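Observations on the model geometry
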Amino acid sequence: QVQLVESGGGLVQAGGSLRLSCAVSGLTFSRFAMGWFRQAPGKEREFVGAITPSGGTRYYADSVKGRFTISRDNAKNTVYLQMDGLKPEDTAVYYCAADRSLTTIRIKESEYDYWGQGTQVTVSS
């Protein structure tokens, strides 16, 4: 059974930082690209960033580029999202997702195979 479990969300003031974690089990983690998405109230879920299975390539949405960093530890089957310089507009439920693509970073949620349950991030002004 594949499980993706996010943690690390919470309430933070604007300008602050949070680090989200996503622990993965039930699949060969090192063979999956990992993505982060978010969904704000009343909006569609949107791509935040992704990392290839080896961690060698990362790609970010323009809205978070330079503020967010994705990393992974294949020994721990965990992917991280370091969020710095948080803004109120970053408030959303954040989801991690696994994509069996070995080399391509994909930004459409329909292309991801497995999803976590999400963790809430709230940024106060």
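Below: a short report on this structure. All values derive from a computational prediction rather than experimental measurement.

Quick word on the overall build of the protein
- Broken down by element type, the protein carries zero helices and eleven strands.
- Listed N to C, the secondary structure of the protein is β-β-β-β-β-β-β-β-β-β-β in terms of helices and strands.
- For a compact globule of 125 residues, the expected C-alpha radius of gyration is about 14 Å, and the protein comes in at 13 Å, within 12% of that figure.
- Counting across all 125 residues of the protein, residues that qualify as buried make up 45%.
- Within the protein, contacts between residues separated by at least 24 positions form 59% of all contacts whose residues are at least 6 apart in sequence.
- Between the mean site of the 14 positive side-chain charges and the mean site of the 12 negative ones, the protein shows a separation of 4 Å.

Things to note about the side chain of Arg67
- Considering the arrangement of structural elements, one finds Arg67 in the loop between β6 (58–60) and β7 (68–73).
- Residue class for Arg67 comes out buried when judged on its relative accessible area of 13%.
- Of note is the side chain of Arg67, whose polar atom sits 2.9 Å from the backbone oxygen of Gly85.

Section: unusual backbone geometry
- In this model, Asn77 sits at a positive phi of 55°, which is unusual for a non-glycine residue.
- On the basis of relative accessibility, which here comes to 25%, the residue Asn77 falls in the partly exposed class.

So, the nonpolar core
- Within the largest apolar cluster, 34 residues are counted, with the highest numbers of intra-cluster contacts made by Met34, Trp36, Leu81, Met83 and Tyr94.
- Of all the secondary-structure elements, those providing two or more residues to this core are β3 (18–25), β4 (33–39), β5 (46–51), β7, β8 (78–83), β9 (92–99) and β11 (119–124).
- Top element by residues in this core is β9. It accounts for five residues.
- When sequence neighbours within four positions are dropped, the list of residues in contact with Met34 reads Leu4, Cys22, Val24, Phe29, Gly49, Ala50, Ile51, Arg72, Val79, Ala97, Ala98 and Tyr112.

Brief notes about the pattern of salt bridges
- In total, this model carries seven salt bridges according to the counting rule given.
- Two residues, Asp113 and Arg100, come together in a salt bridge whose shortest N-O distance is 3.5 Å. With a gap of 13 residues between them, Asp113 in the loop between β9 and β10 (114–115) and Arg100 in the loop between β9 and β10 connect regions that are remote in the sequence.
- With relative accessibility at 46%, the residue Arg100 sits in the partly exposed group.
- In the salt-bridge network here, residues are joined through shared partners; they are Arg38, Glu46, Arg67 and Asp90.

Here we look at the packing of aromatic side chains
- Tallied over the full model, the rule gives seven aromatic pairs.
- Relative to Tyr114, the ring of Phe32 lies with its centre 6.2 Å away and its plane at 55°, an arrangement referred to as tilted. One end of the pair, Phe32, is in the loop between β3 and β4; the other, Tyr114, is in strand β10, and 82 residues separate them in sequence.
- With relative accessibility at 8%, the residue Phe32 sits in the buried group.
- Among the residues examined, Tyr114 registers a relative accessible area of 28% and is labelled partly exposed.
- Relative to Trp115, the ring of Tyr95 lies with its centre 6.5 Å away and its plane at 75°, an arrangement referred to as edge-to-face.

About the criteria used
Residues numbered from 1 in each chain as written. Predicted model: local features only at pLDDT ≥ 70, side-chain atom pairs only at ≥ 80, totals over all residues. Heavy atoms only, no water. Helix = DSSP H or I, 4+ residues; strand = E, 2+ residues; numbered from the N terminus. Rg over C-alpha atoms; globule rule 2.2 N^0.38 Å. Buried < 20%, exposed > 50% of the residue type's maximum accessible area, 1.4 Å probe, protein only. Contact = heavy atoms within 4.5 Å. Lys, Arg positive; Asp, Glu negative; His and termini not counted. Charge placed at Lys NZ, Arg CZ, Asp CG, Glu CD. Polar contact = N/O pair within 3.5 Å; in protein donor to acceptor, adjacent residues only side chain to side chain. Core = buried A, V, L, I, M, F, W, Y, C linked by side-chain atoms within 4.5 Å. Salt bridge = Lys/Arg side-chain N within 4 Å of Asp/Glu carboxyl O. Phe/Tyr/Trp six-rings, centres within 6.5 Å; stacked < 30°, edge-to-face > 60°.

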